[in-house]
Structures are given as structure tokens and as C-alpha cells.
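Analysis of the macromolecular model
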Amino acid sequence: MTSRPEESPPPPPAAPGNGPSISRQEFDGLFDAVRTWGRWASADRGAWNRVTPGHVQRAAALVRTGVIVPMALPWNTVPGPDNGKPALHYMSDLGDVEAPEPATHKDFIAVDYHGKGVSHLDALSHIAYRGQLYDGRTAREVVDAGGARFGAVAALGPLVTKGVLLDLPAVLGTDWLEPGRAVHAQDVLAAEKALGVTIGEGDAVLLRSGHFRRRAALGAWNPDAASAGFHVDAIPLLADRGIALIGADGDSDVRPSPVEGLHSPVHALAITAMGVPLLDNLDLEPLSAACADAGRYEFLLAVAPLNIPGGTGSPVNPVAVL
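Nothing here was measured: the structure is a model prediction, and the numbers come from that model.

With respect to the overall build of the chain
- Across its full length, the chain holds 10 helices and 15 strands.
- Expected size for 322 residues packed as a compact globule is a radius of gyration near 20 Å; at 20 Å, the chain falls within 12% of this value.
- With the C-alpha coordinates of the chain rotated into their principal frame, the extents come out at 65 × 45 × 45 Å.
- Counting all 322 residues of the chain, 52% fall into the buried class.
- Considering only residue pairs separated by 6 or more positions, the chain has 79% of its internal contacts joining residues 24 or more positions apart.
- Charge centroids of the chain, computed over 25 positive and 36 negative side chains, lie 6 Å from each other.

Quick look at the structure:
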């Protein structure tokens, strides 16, 4: 994932398909309808409480060929329209710092990962709505300069469950969804039927829009201005299915947002109302090809975030096993 800063990026594409628009009052009604506050004793694990050893066993039974597909983007140190805060990587020891034998090479990495350039997991402390985190915790009381004391990524731990790829370009016979194209509940139902999958309790839902295929063909753009993703009307369906995780090759939200005054309404519904963490900026192109080759769009999914006490998320390399 690279861009050439010396070239002028293409303008953000138009986004005629992100509607219908939703009022703030309608959104608040959706928020209250899907929230699961008070459901689990381990509240800062949210919907990951749904994944039992039985779920893991059933996911393991999906492994047939042993094909392993990672989903993380390459560590991106190049600035661009979709990478405003590039990751850092430099060598800290070229074999000339310690005693001469054996030679030791070391490097340093760092990243401000909540953006568009790094594959990462959003923990439950990442998003507050109306001043509250998931389970009704007051954000100012549990998140400060020292980190999060509720909903931190360290509380989540690893997740192994069934993954379902909603490969919308494959369903529609296109290379990609144009940025700004909203994915609605009826699109999810149509994708289930076309791909032969059923989203169930404890599952992880991955939405492929073809973002990185488009980027490779046409160049980078600013996904904050326009990107394909879920419309808020798809979230009650996913809530009814009892999902544990949402991921996408964008950040799951269609942009521009269809909700007045809210830049990331799907983030608020999933994370803050439902306790469902999000995986952002996944490279789903290899998984799309692997699923097409296998003739199935469900698989074992393993997600192992870094153990960061107080962290609001983590860079991550999710792995699908078919």
C-alpha cells in the first residue's frame, strides 16, 4: 500500500448512493433498539462474550484445505491522501551497538493507527456517543491521558470464531463498489443467498467493497470524503443475528455519512450500542480470491490484538483459515 506524494491525488469520487438520509432522532431510536447494555458481567468484552468454546469448535470444523489468508495491509510509512499520519519504521541497531559477535540488528516501529493507513481493531473504549461508552460508562470518567480503564483492547484478548465474507463485488459482478455506495440490509440478505452463507450468533462479518482493488487501479483518494460501507439500516439485521465482530476493507461506515451531525454512525451503533468491535482497513482481496477458489465464503477467523493495557485498539493482522 503505497502512494507517490509528488503526484496529485485524484479528486474524491462523487457519492450519490450513500442515502437515504437519516435524522438524528431516527438514529437515536436505532441506537436504543440495538443496544445491549447490562447484558454481560464482563462488559468491556462486549459482544465477544457471545463466542463460547462451542463456537470455536464449530469454526475449527470449517478448516478443510488449511489455506491461510492474512488480511493486514503492509506497514505504511509513505504519506498520502489516505495516510495522513504515516507509520514509523527505522533501524536502531545495524550490528554496531553491542559486542561484535553475533551481530544484532534491531528496529523501531510506532504508529498512530486509528486512521485509514493501518489495519487495526477498534476496542470498546474507542467510540463514545452522547458522552457515553458501551454499557453506559461515562467516557470522561474512564478514559484520560493515561488510557482507558474500561473497554480497553487488553480486556478483549484474542478471538477465534466463524468468519463470513460478504463479497459485494462478487455478488454484483463488478470489480468494486464505488466510494459512497451504501450497503443496506437487503444487500446483506442478497449476499447471503448468493454466496451460500448465513450469519449467526457469535460470527464475524467482513464486508468487501473492493476498496484496495480500486486503489490499485485508479490511485489513492481520501476515504474520509467518500467510501463504500454499511448504511445504518443494515445494523439492526446484524444485531438480530447476534454478531461478535464487524470488519471491512474500509472502516465499515459509508461516507459521506447519511446521518445528520454524525461522522461515523455505524461505529456508534456497533461499538457503543452493541459492544461489537470493528476491524478497519483490511486487505480482503486475497481472501476474496481464496473464497472464490474454495467455493465457500465462511471460514475460521483468528484475531489477536496486541495486549495493550488502556489501549483503545491495536494494529492487527487477522487470519482466515479455509
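Let us keep going from here.
With respect to helix α1 (residues 24–34)
- What α1 keeps buried is the set Phe27, Asp28, Phe31 and Val34. Across the axial projection of α1, the buried residues extend over an arc of 140 degrees, all falling on one side. Turned more than 90 degrees from where α1 packs its buried face, Gln25 and Ala33 sit exposed.
- In the core, the buried residues of α1 are packed alongside α8 (235–241) and α9 (265–273).

Digging into unusual backbone geometry
- Of note, the bond from Gly19 into Pro20 is cis; its omega dihedral lies within 30 degrees of zero at 5 degrees.
- Note on placement: Pro20 falls in the segment before α1.
- Residue Arg255 is joined to Pro256 through a cis peptide bond whose omega torsion reads 5 degrees.
- As for its placement among the helices and strands, Pro256 is situated in the loop between β11 (245–248) and α9.
- One non-glycine residue, Arg130, lies in the positive phi region at around 55 degrees.
- Topologically, Arg130 is positioned in the loop between β4 (120–122) and α3 (139–142).
- The class for Arg130 is partly exposed, based on a relative accessible area of 44%.
- Positive phi, normally seen in glycine, also occurs at Asn281, with a value near 60 degrees.
- Within the fold, Asn281 resides in the loop between β12 (278–280) and α10 (285–294).
- What makes Asn281 buried here is its relative accessible area of 2%.

A look at the sheet that holds β12
- Taken in spatial order, the nine strands make up an open sheet running β1-β15-β13-β7-β9-β11-β12-β4-β14, and their pairing is mixed. The open sheet terminates on both sides in strands that have one partner only, identified here as β1 (68–70) and β14 (313–315). Looking at each pair of strands side by side, their axes are set apart by 25 degrees on average, direction ignored.
- Bridge analysis of β11 against β12 gives two bridges, and the strand direction is parallel.

Some thoughts on the nonpolar core
- Within the largest apolar cluster, 77 residues are counted, with the highest numbers of intra-cluster contacts made by Phe27, Leu166, Phe230 and Leu287.
- Residue contributions to this core peak at six residues, all from α9.
- Among residues more than four places away in sequence, those in contact with Phe27 are Ile22, Tyr129, Val232, Val259, Leu262, Pro265, Ala268 and Leu269.

Re the side chain of Asp93
- When you line up the elements, Asp93 lands in strand β2 (residues 88–94).
- Excluding anything up to four places from it in sequence, Asp93 contacts Glu98, Thr104, His105 and Lys106.

With respect to the pairing of strand β9 (residues 204–208)
- In terms of burial, β9 is largely enclosed, as five of its five residues are buried.
- Covered by surrounding structure in β9 are Ala204, Leu206 and Arg208 together with Val205 and Leu207, the residues of both alternating faces.
- One ladder, built from five bridges, connects strand β7 (residues 159–167) with β9; its direction is parallel. Bridge pairing links Leu166 to Leu207 in β9.
- With four bridges connecting them, β9 and β11 associate as parallel partners. Of the residues in β11, the one forming a bridge with Leu207 is Ala248.

Some remarks on the packing of α1 against α9
- Direction vectors running N to C along α1 and α9 enclose 25 degrees, while the axes themselves pass 9 Å from each other. Classified by the interaxial angle, the pair formed by α1 and α9 is roughly parallel. Read as a crossing pair, α1 and α9 show a hand that is right-handed. Residue-level contacts link Phe27, Leu30, Phe31 and Val34 of α1 to Pro265, Ala268, Leu269, Thr272 and Ala273 of α9.
- Residue composition of the contact of α1 with α9, grouped by class: eight nonpolar, one polar and no charged.

Notes on the packing of aromatic side chains
- Tallied over the entire structure, the rule returns five aromatic pairs.
- Judged by centre distance (6.4 Å) and plane angle (45 degrees), the rings of Phe27 and Phe31 are tilted. Highlighted residues: Phe27 and Phe31, both in helix α1, separated by four residues, approximately one helical turn.
- For Phe27, a relative accessible area of 0% gives the class buried.

Thresholds, definitions, all that
Residues numbered from 1 in each chain as written. Predicted model: local features only at pLDDT ≥ 70, side-chain atom pairs only at ≥ 80, totals over all residues. Heavy atoms only, no water. Helix = DSSP H or I, 4+ residues; strand = E, 2+ residues; numbered from the N terminus. Rg over C-alpha atoms; globule rule 2.2 N^0.38 Å. Buried < 20%, exposed > 50% of the residue type's maximum accessible area, 1.4 Å probe, protein only. Contact = heavy atoms within 4.5 Å. Lys, Arg positive; Asp, Glu negative; His and termini not counted. Charge placed at Lys NZ, Arg CZ, Asp CG, Glu CD. Arc of directions from axis to C-beta. Pairing = 2+ DSSP bridges. Axes fitted to C-alpha atoms, helices over the stretch in contact; angles between N-to-C directions. Core = buried A, V, L, I, M, F, W, Y, C linked by side-chain atoms within 4.5 Å. Parallel < 35°, antiparallel > 145°, perpendicular 65-115°, else oblique. Left-handed = near helix turned anticlockwise from the far one by under 90°. Nonpolar A, V, L, I, M, F, W, Y, C, P; charged D, E, K, R; others polar. Phe/Tyr/Trp six-rings, centres within 6.5 Å; stacked < 30°, edge-to-face > 60°.

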